[in-house]
Amino acid sequence: MIVPLMEAAAGTCGGKAGALGALLRAGLPVPEGFVVPFAAYRDATRDLDLGRFLDVPDDADAARRTIGSRPVPEAVVDALGRALGEIGDPPVAVRSSAAGEDTGRASAAGQHESFLAVQGAGEVATAVRACWASLFSACAVAYRAASGRAGDPPDDLLMAVIVQRHLDAEVSGVMFTPADPGDVTRIEASWGLGPSVVEGRVTPDAYRVAADGSVTRAVADKRRRLDRRGTRLVVDDVPAAARNQPAVDDATATRLAALGRRIAAVLGGPQDIEWAIADGRAWVLQARPVTAAPPPLVSPSGVSGLPSATLTGTPGSRGTVTGTARIVRGRGDFARVRPGDILVCPFTDPAWTPLLRVAAGVVTEIGGVLSHAAIVAREHAIPAVLGIPDATSRLRDDTVITVDGTAGTVTATDA
């Protein structure tokens, strides 16, 4: 019913849990916890006959609502209570670990539910049920369709759930280890808990750590941070004096890069790693294969001589595309997006994945190149430029723009 995280394997607990289990067995710093394996999901949903929804027009949503509306089996709740007691019943993070997630072919970055600051067996059980149901969320279904898995039968859709001690991170972020020994390690970092960075809701500091240990960095204006208060997550303004201070110093970036090399050695290839620093110690929250490397950074001289109508940002996903700008500020604008449009938005989060099936390109005002949405854009081969301040007001709806995701430029071609 419950598997210690140290013993987790991908075949029974999903790729995310399997990777963390391997890292724990190698002695790497992973928060303690346990896994609700595939078997518990099978037992809880066996009598729901999810296959019957395959003939329903909105079958995925019907399956999601069916799973989410029924109580978690009492045996699961009891097992959760015992397992939580063994680690002191602290606030925990509850994270999905689906079959087919975090593989070298498809990351499923951000497509399933995760929860922070959850406490007590009842609340954890509710979060586990939400993770199960998120197999059939709109963004997860869209992602599977774009990844060639639209026809997967329900028996092949399995969800395990990781429960780990919650870390109150002072700093957190994402790291991509190099594909070749001479390449750089790319790190993004910001204040507070990790969702701000991975969901693209802040423009993080960007670091490049070379093979010789030298560090180059671009410090961002980090205005918001996410933190835990009790069992709530709160967004606060970062004090003015700290907004433009580096989230980590060069020595810490070098240590993170060394940790990344150890992780890549254990898991056997370049890794996309979520990390956090709490109480002065670096922790690994997730590691998965890099499915699509970001474009190289472009120096200012590399984009000189551009037309006056050109805006510059951070290269997020390679390629060039010309299309109609569609200003999207929230879900209320989703219905306005047509195939071939270029999304121009404050940021994108994983809930916007269905739009990436029809959009030809993406432009954001904030967000990092290692965020979930940027990863998915690269997997879908959609050009993306990130971090253009006030893009939603500087670019006009229904005008034609050209996005160069390799150079990090956006040009209003009919300006």
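Residue numbers run consecutively from 1 along every chain, following the written order of its sequence. Local features in this predicted model are restricted to residues of pLDDT 70 or higher, and side-chain atom pairs are both shown and tallied only at a pLDDT of 80 or more, whereas totals for entire chains, interfaces and linings draw on every residue. Only heavy atoms go into the side-chain values, all of them from the structure, while hydrogens and water stay out.

As recorded by an unreviewed UniProt entry, the protein chain carries the name Pyruvate, phosphate dikinase and is attributed to Microbispora cellulosiformans.

Caption draft 1: Region of interest: the pattern of salt bridges. Only one rule defines a salt bridge in this text: a Lys or Arg side-chain nitrogen within 4 Å of an Asp or Glu carboxyl oxygen. Counting across every chain of the model gives 18 salt bridges. Of the charged contacts, one joins arginine 70 and aspartate 47 as a salt bridge, the two residues approaching to 2.9 Å between their closest N and O atoms. In this pair, arginine 70 sits in the loop between helix H3 (59-69) and helix H4 (74-86) while aspartate 47 sits in the loop between helix H2 (38-45) and H3, placing the two residues 23 residues apart along the sequence. In this scheme, a residue with accessible area under 20% of its type's maximum is buried, one over 50% is exposed, and one in between is partly exposed, where area comes from a 1.4 Å probe on protein chains only. Take aspartate 47: its relative accessible area is 55%, and that puts it in the exposed class. The shortest N-O distance in the salt bridge between arginine 326 and aspartate 341 comes to 3.0 Å. Of this pair, arginine 326 sits in strand S16 (residues 320-327) while aspartate 341 sits in the loop between S16 and strand S17 (342-345), and the two are 15 residues apart along the sequence. Its relative accessible area of 5% is what places aspartate 341 among the buried residues. Beyond isolated ion pairs, a larger network of salt bridges with shared partners links Arg326, Arg336, Asp341, Asp397 and Asp398. A run of H or I in DSSP becomes a helix once it reaches four residues, and a run of E becomes a strand once it reaches two; helices and strands are each numbered from the N terminus.

Caption draft 2: Examining the UniProt feature "domain: PEP-utilising enzyme mobile" (unreviewed entry) in the protein chain more closely. UniProt positions are given in the numbering used here, feature names are shortened, and annotations may be inferred rather than shown by experiment. Taking the numbering used here, the UniProt-annotated feature "domain: PEP-utilising enzyme mobile" (unreviewed entry) corresponds to residues 338-408. From the first C-alpha to the last, residues 338-408 spans 23 Å; its make-up is 17% helix and 23% strand.

Caption draft 3: Structural context of the sheet that holds strand S21 (residues 409-412). The strand order across the open sheet formed by 8 strands is S14-S21-S20-S16-S17-S18-S19-S15, and the pairing between neighbours is mixed. The open sheet has two free edges, formed respectively by strand S14 (310-312) and strand S15 (314-317), since each of these has just one partner strand. With strand direction ignored, the average angle separating the axes of adjacent strands in the sheet is 30°. One requirement defines pairing of two strands: DSSP has to find at least two bridges between them. Here S17 pairs with strand S18 (residues 361-364) via 4 bridges, running parallel. Paired with valine 344 across the bridge in S18 is valine 363. Strands in contact with helix H10 (residues 372-379) are S15 and strand S19 (384-386); relative to S15, the strand with the most contacts, it is inclined by about 55°. Between the N-to-C directions of two axes lies an angle of 0 to 180 degrees, each axis being a line fitted to C-alpha atoms and, for a helix, fitted only over the stretch in contact. Contacts were defined at the residue level, with two residues in contact if any of their heavy atoms lie within 4.5 Å.

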